[in-house]
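Okay, here's what each chain looks like letter by letter:
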Amino acid sequence: MEKKDRRYMRPPGIPEKLAYFIRYYEASDLSCGMIAIRCRHSGDLEWKELQQFLATKEPKQAAELFYEQSSGRLVILLDDVSLAQTHYTALAIKEYLQSNEQLAEGICVASYPESGDSMEAILWEMTERLYQTAAMPSAIQVVKGHDHKWERRPRLLLVENDPVIQQILSVRLARHGYEIHLAENGMEGKEKVEQVQPDLVITELTLPVMNGYQLIDWLQQQHETTERCKIMVLTDRRLEEDMSQCFRRGVADFLTKPFSPVELDWRIRRLLVS
Amino acid sequence: MFQHLQAAYLFLIVSSALIVAGIIVLLCLKYRHLYVTREKQRLAAKHQDYIAYVLSHLDEKQPLEVPAVPLGKRDLQVLEEKLIEIAERVKGKHREQLTALFEKLGLPELELGRLKQLPGPMRTDAAYKLGAMGYEKATPALFSILEAESDEAGRYIIARAIARCTRSVSDLRVMVEKMVESSPDSPRLLAEVLGDSPLDVLPLLREWINSGDSRLALVAMAGLPAANLDDPLVDSLWKLLEAEEKEVRIQAVRLIVSGERVSADQINVLMASPDWEVRAIVAKAMGAWREADDIPVLQQAMDDQSWWVKYHAARSLVKMGAEGFQALCEVASRTPHKETADLAMQQLQEALHEDRTAGQGMPGSNERDHKLTIYHSYFNRQKERAI
Amino acid sequence: MRELLLGYGLFAMYYVIVVNSIYLVINIFSHLNISTIIKRARFSRFQSLAGSKRVPPVSILVPAYNEELTIIENVRSLLALQYPEYEVIVINDGSKDDTLNVLIREFGLKRQSHVSVRSVVPSSAPSGIYHNPQYPQLYVIDKENGGKADSLNAGINLSHYPLIASIDADSLLERDALIRLAQVYMENPEETVAIGGNVRIANGCRIEDGMVKEVRLPDKILPMFQTIEYMKAFLGGRIGWSSINGLIIVSGAFGLFRKDCVIAVGGYREGYPGEDMNIIIKLHKYMLENKKKYRIAFCPDAVCWTQAPDSLHILASQRKRWGRGNLKNMIEYRHMLFNPKYKIMGLLTMPYNVLFETLNPYFKLTGFLALVGYSLYDMTHAHIVLIFLAINLLYGYLLTISGILLEEFAFRRYTKPSDLMKLLGYGFLMFFGYYQLGAIWRVLGHIDFLRNNNTWGVMTRQSWQVETRQS
């Protein structure tokens with residue numbers, strides 16, 4: 001991370017007006033959609049054009065904008081919207097900014113209370129995600145709440161040849177703030193394990209070059225030198241022997257495709273917490 | 001000679017014309033395809049954020065929104081492809097969310113239109129997409145196309161689409177019966193197609209097993225989950241052991257032995273079957289059950305006429321601990337038939353080799369040493385340094 | 001005399017037209033059938049099928065002779081196929097190089113001290129069977145050199161599954177190739193006896209880790225010619241032939257067979273090249289004689305990549321070998337010719353094979369000479385020679401275009417427009433020397449047969465890496 005960015009790891013001081021809104025929402029029953037954008041302004045510190053755009057697009061939606069020039073962080077609060085709705089609105093905002101050549105160097109969406117217990121904590125998380133080097137800087141990041149406090153971000157390695165599954169999992173798992181690494185085949189998976197030292201490896205069984213079983217065998221042999229990481233298998237293979245073979249090799253969990261993403265989320269969380 | 005030359009000239013002209021036409025068609029196809037690919041890539045990048053939105057919120061209760069930007073025909077095509085890719089890989093309420101999104105985008109109606117109007121592969125494309133989207137209202141149209149489709153590959157694709165679209169089990173029954181009537185026998189593929197349906201097909205399978213129609217019985221047996229067969233089903237399967245068709249008998253016994261161990265009497269009945277496949281399946285199953293009482297049965301099976309029965313009996317014996325191992329050594333040393341002896345020795349050697357690779361000091365090493373001792377006691381080690 | 005020469009020349013001309021017309025009809029069948037193939041290839045959900053327990057298990061047989069450079073990569077890629085249950089049986093056919101040891105070292109194989117193999121088809125006895133429980137799917141048979149057919153038979157004797165797939169040791173199978181064949185099989189398991197896969201030329205492609213990562217046309221001229229030849233033969237020809245159940249050959253490089261049928265016909269014929277055509281003819285004959293309903297299918301979207309010879313010497317040796325094998329098969333089964341008992345095989349496929357493949361060079365050459373002779377008599381009609389050549393050229397090129405069209409409709413492996421130009425251009429050039437060479441080699445093969453020459457000729461194996469570095 002650049003030195004310049006490290007300054008912003010602590011949330012920039014929250015302006016009085018923003019703090020006022022935070023107190024208001026936390027006290028009331030309403031939810032609040034939060035969008036944090038890291039961008040440069042085009043001379044309009046009040047972002048009047050953007051406000052107008054939002055007003056025409058969603059006339060019934062109340063939106064408040066807060067911009068800090070020093071950090072280049074724009075925070076938008078949307079009254080009483082869910083996370084999904086916030087994300088949807090952020091799509092429009094991103095397109096608007098891009099069409100006006102105000103490049104957003106990162107967008108993060110969240111919603112109180114879905115994304116966390118306190119808006120300040122959510123804001124902290126959003127800022128951290130925006131100012132760290134993200135894997136996909138142009139993508140909109142989503143903050144999904146979790147009740148477990150991680151000491152550090154869990155590192156996940158996904159060994160999967162199918163690009164669609166890669167996309168599904170990396171998008172969904174990034175919401176939780178996990179650090180996601182990808183490998184396309186068993187050999188690459190092996191290299192990444194050595195490089196990254198993940199906490200959890202999610203692997204397919206039918207992989208080119210070196211298949212999942214061989215990778216699992218190698219991983220289990222590694223426990224002598226490094227700390228054993230947990231292994232979860234997510235595979236196309238639905239034969240009974242595959243499940244028994246995997247568990248015999250000490251795999252922590254076994255899921256077949258097509259899978260339920262929310263079930264996968266829960267199983268991963270359970271494995272990481274224990 | 002002159003007419004021959006005329007014929008030849010005519011021929012040359014026609015050929016040249018066809019060649020030129022062919023080259024033009026090729027060039028058109030190539031450039032069009034390139035253009036379409038590039039467009040699709042561009043649009044896929046454009047809609048990437050939207051797809052990420054869909055993926056992030058698949059598990060929410062609220063329905064997903066359609067993109068706010070105006071969508072052209074190709075936009076819709078690209079979105080459809082991407083969303084279908086996702087729908088193929090997820091299940092449960094996420095698929096329902098996606099189905100709702102598809103309907104909001106108007107895609108199923110579009111495909112239904114294409115289904116009714118277009119010929120050939122494009123019609124099959126529409127059928128496939130409707131199945132992937134799980135659009136229930138397409139079922140009647142799919143059925144009428146199934147009637148009309150003459151080529152085999154197409155029929156299975158449409159059958160799959162019906163399985164994925166329909167919400168009524170009786171539709172599935174009709175579909176399978178139609179396929180069984182008009183397509184060559186392929187019970188496994190039909191069971192595979194049936195497996196694509198989100199509905200519970202167990203009542204249907206029960207019906208077919210008891211139906212007396214061997215083709216339907218085979219489809220049902222291919223479709224049954226191996227474990228957790230309840231008693232009525234098992235009883236029906238036992239009845240099928242008497243069937244005329246060999247394949248029915250084989251599949252029935254495969255299912256019967258896939259669960260809990262059957263009684264000793266039943267084992268004896270099965271091992272007396274005239275079909276070697278049945279005996280082989282039972283011999284193999286005994287290795288999974290690991291019941292010490294079966295060891296004598298397996299020893300006897302080593303004298304079977306069929307090589308496969310002996311093969312599976314030997315493999316099962318080595319799975320049954322030191323007792324089974326000893327029983328096999330017994331067979332290997334006593335039998336007069338070279339084939340039996342070879343088979344037994346091969347399995348014994350492999351078992352010892354596997355034991356060795358399992359390592360010292362690991363759980364079970366006592367048993368492994370025991371096996372080695374047994375082996376030595378039967379066979380003179382000096383000649384065979386092969387281990 | 002003049003009249004005689006002219007008459008014969010005209011006969012040759014009509015011969016060329018008729019023979020090419022039959023091939024054109026077959027091409028039309030291919031075009032008619034291509035939509036079924038496209039449907040199956042695109043919408044059959046192979047990924048889901050590849051994990052299903054209902055797919056029949058397959059024994060993959062890989063005869064290997066002096067393959068130490070490529071065998072590891074090949075076996076590794078075979079162990080990584082998208083297929084639920086299968087085994088890989090490598091048969092080391094008495095290699096003079098280090099093939100066996102390379103395999104033993106790489107996979108930690110141990111010799112099975114007690115061999116129990118049945119003898120369902122005749123083959124020479126294995127001298128050792130190697131296995132490692134850590135790679136439970138892999139078996140290696142070591143035996144004395146006996147030829148490819150003998151090796152396949154030895155593999156059949158060991159195989160544990162009801163289907164067998166014969167693969168060349170230097171072919172690279174695509175990961176979904178086998179499941180695609182299985183789909184075709186599962187659509188009609190009772191009647192399907194054999195299924196052939198598509199063989200594509202790998203020269204020029206970027207190959208990494210035993211997989212073709214990027215498909216490109218070859219740089220050298222000979223592999224380029226062979227690419228077009230294979231396209232014409234497999235897509236234009238075999239699709240059509242299989243649709244009328246008249247397929248005469250399933251490539252030895254990649255085919256799936258029902259083991260019980262192969263055993264019923266006595267396994268592969270040893271001791272002479274052409275065993276891939278031979279087994280298919282035997283299967284047709286057996287099923288027709290026993291009045292069983294059957295089909296021998298071809299699945300062009302199941303792809304196997306192979307190295308094509310890039311030197312004249314090796315190519316010549318290969319073509320002579322094919323000529324020898326072809327002639328032997330035709331002579332061995334000559335009683336099937338024009339015999340209505342053998343339906344399409346007897347009435348169409350085999351006569352066509354005799355007239356087009358086997359006798360083709362003779363008719364064309366003598367016809368050409370006759371016309372030249374005739375024009376020497378009477379220079380005013382010299383252009384008839386040109387007409388003869390033009391008919392050959394244009395009709396042949398038309399069929400080439402048909403093959404390229406099928407590729408473009410259904411598969412589109414070569415995506416750039418420059419690729420298309422290259423295919424069209426080289427396809428034209430082939431008529432100015434390549435096809436003629438092919439004819440000469442075929443004739444030489446026949447002569448070899450008549451002289452009872454029985455070797456496999458020259459083959460040099462290059463490592464896959466070497467191939468890509470050169471190109």
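Just so it is clear, the structure is predicted and the values come from calculations on it, not from any experiment.

### A closer look at the overall build of chain A
Each helix and strand counted, chain A has 10 helices and 10 strands in total. Across the 274 residues that make up chain A, the buried fraction comes to 54%. Contacts spanning at least 24 positions in sequence make up 69% of the contacts within chain A whose residues lie at least 6 apart. Only carbon and sulfur atoms are counted for the fraction: they give 50% of the accessible area of chain A, which is about 12,800 Å².

### Observations concerning the interface of chain B and chain C
Across the contact, 65 residues belong to chain B and 60 residues belong to chain C. For the pair chain B and chain C, the number of links is six salt bridges. As a salt-bridge pair, Asp196 of chain B and Arg45 of chain C come within 3.0 Å of each other at their nearest N and O atoms. Where chain B touches chain C, the interface holds 14 residue pairs in polar contact (both at pLDDT 80 or more). Only helix H1 (2-46), helix H3 (73-89), helix H6 (120-133), helix H8 (152-165), helix H10 (187-195), helix H12 (214-223), helix H18 (307-318) and helix H20 (338-358) of chain B provide two or more residues apiece to the side of chain B that touches chain C.

### What to know about the interface of chain B and chain A
When the parts come together, some accessible area is lost, and that loss is often what is quoted as the size of the interface. Each partner contributes residues to the interface: chain B has 28 residues there, and chain A has 31 residues. Summed over both partners, the interface of chain B with chain A comes to about 2,400 Å²; 57% of that surface belongs to carbon and sulfur atoms. Remark: the boundary between chain B and chain A carries five salt bridges. Here Asp49 of chain B ties to Lys94 of chain A by a salt bridge, and the two come within 2.7 Å at their closest N and O atoms. If you look at where chain B meets chain A, you find 13 residue pairs in polar contact (both at pLDDT 80 or more).

### A few points about the domain arrangement of chain B
Here chain B is partitioned into domain 1 (76-168) and domain 2 (260-387). Taking the mean C-alpha position of each, domain 1 of chain B and domain 2 of chain B sit 51 Å from one another.

### What to know about a nonpolar patch on the surface
Residue and element names in this part refer to chain C. A surface patch of nonpolar side chains, amounting to about 390 Å² of accessible area, comprises Leu312, Leu437, Ile440, Leu444 and Ile447. Counting residues per element, the nonpolar patch draws most heavily on helix H15 (residues 434-450), at four residues. With respect to the helices and strands, the residue Leu444 is situated in helix H15. Residue class for Leu444 comes out partly exposed when judged on its relative accessible area of 35%.

### A closer look at the sheet that holds strand E5 (residues 138-143) of chain C
Residues and elements named next belong to chain C. With mixed pairing, the 10 strands of this open sheet are ordered in space as E3-E4-E5-E2-E1-E6-E11-E8-E12-E7. Strand pairing shows two members of the sheet lacking a second neighbour, strand E3 (110-111) and strand E7 (172-173), which therefore form its edges. Direction of pairing for E7 relative to strand E12 (residues 295-306): antiparallel, over a ladder of two bridges. Directly across from Leu172, in E12, lies its bridge partner Trp305.

### Structural notes on the pattern of salt bridges
Within this structure, the stated rule accounts for 68 salt bridges over all chains. Where Arg89 of chain B meets Asp162 of chain A, a salt bridge forms, and the shortest distance between an N and an O atom there is 2.7 Å. Here Asp162 of chain A lies in the loop between strand E6 (155-159) and helix H6 (163-175) and Arg89 of chain B lies in helix H3, a pairing that spans two chains. Residue classification places Arg89 of chain B among the buried positions, given a relative accessible area of 15%. Between Arg175 of chain A and Asp265 of chain A there is a salt bridge; the shortest N-O distance is 3.2 Å. Taken together, the residues span a long stretch of sequence, with Arg175 of chain A in helix H6 and Asp265 of chain A in helix H10 (residues 261-273) at a distance of 90 residues. The two residues Arg175 of chain A and Asp265 of chain A agree in class, both being buried. Residues participating in the shared-partner salt-bridge network are Glu80, Glu111, Arg114, Asp125 and Lys129 of chain B.

### Examining the packing of H8 of chain B against H10 of chain B
Relative orientation and spacing of two packed helices are given, respectively, by the angle between their axes and the distance between those axes. Residues and elements named next belong to chain B. In contact at an axis separation of 8 Å, H8 and H10 are set at 35° when each is read in the N-to-C sense. Contacts between H8 and H10 pair Tyr156, Ala159, Arg160 and Ala163 from the former with Leu189, Leu190, Glu192 and Val193 from the latter. Considered class by class, the residues forming the contact of H8 with H10 number six nonpolar, no polar and two charged.

### Side note on the pairing of E5 of chain C
All names here are of chain C. By the criterion of burial, E5 is predominantly enclosed, with six of the six residues buried. The alternating pattern of E5 places Leu138, Val140 and Asp142 and Tyr139, Ile141 and Lys143 on opposite faces, both of which are buried. Relative to E5, strand E2 (residues 86-93) runs parallel, the two being bridged by six bridges. For Val88, the partnering residue across the bridge sits in E5 and is Leu138. Sheet topology places strand E4 (residues 128-131) next to E5; four bridges connect them, and they run antiparallel. Bridge pairing links Ile129 to Ile141 in E5. With antiparallel pairing between neighbouring strands as the criterion, E4 and E5 make up a hairpin whose turn holds six residues.

Parameters and conventions
- Residues numbered from 1 in each chain as written.
- Chains lettered and ligands numbered in written order.
- Predicted model: local features only at pLDDT ≥ 70, side-chain atom pairs only at ≥ 80, totals over all residues.
- Heavy atoms only, no water.
- Helix = DSSP H or I, 4+ residues; strand = E, 2+ residues; numbered from the N terminus.
- Buried < 20%, exposed > 50% of the residue type's maximum accessible area, 1.4 Å probe, protein only.
- Contact = heavy atoms within 4.5 Å.
- Areas by Shrake-Rupley, 256 points an atom, 1.4 Å probe, with all protein chains shown as cover.
- Salt bridge = Lys/Arg side-chain N within 4 Å of Asp/Glu carboxyl O.
- Polar contact = N/O pair within 3.5 Å; in protein donor to acceptor, adjacent residues only side chain to side chain.
- Buried area = accessible area lost by both parts, 1.4 Å probe.
- Domains from an automatic or database assignment.
- Patch = residues over 30% accessible without salt bridge, like charges linked within 9 Å, V, L, I, M, F, W, Y side chains within 5 Å.
- Pairing = 2+ DSSP bridges.
- Axes fitted to C-alpha atoms, helices over the stretch in contact; angles between N-to-C directions.
- Nonpolar A, V, L, I, M, F, W, Y, C, P; charged D, E, K, R; others polar.

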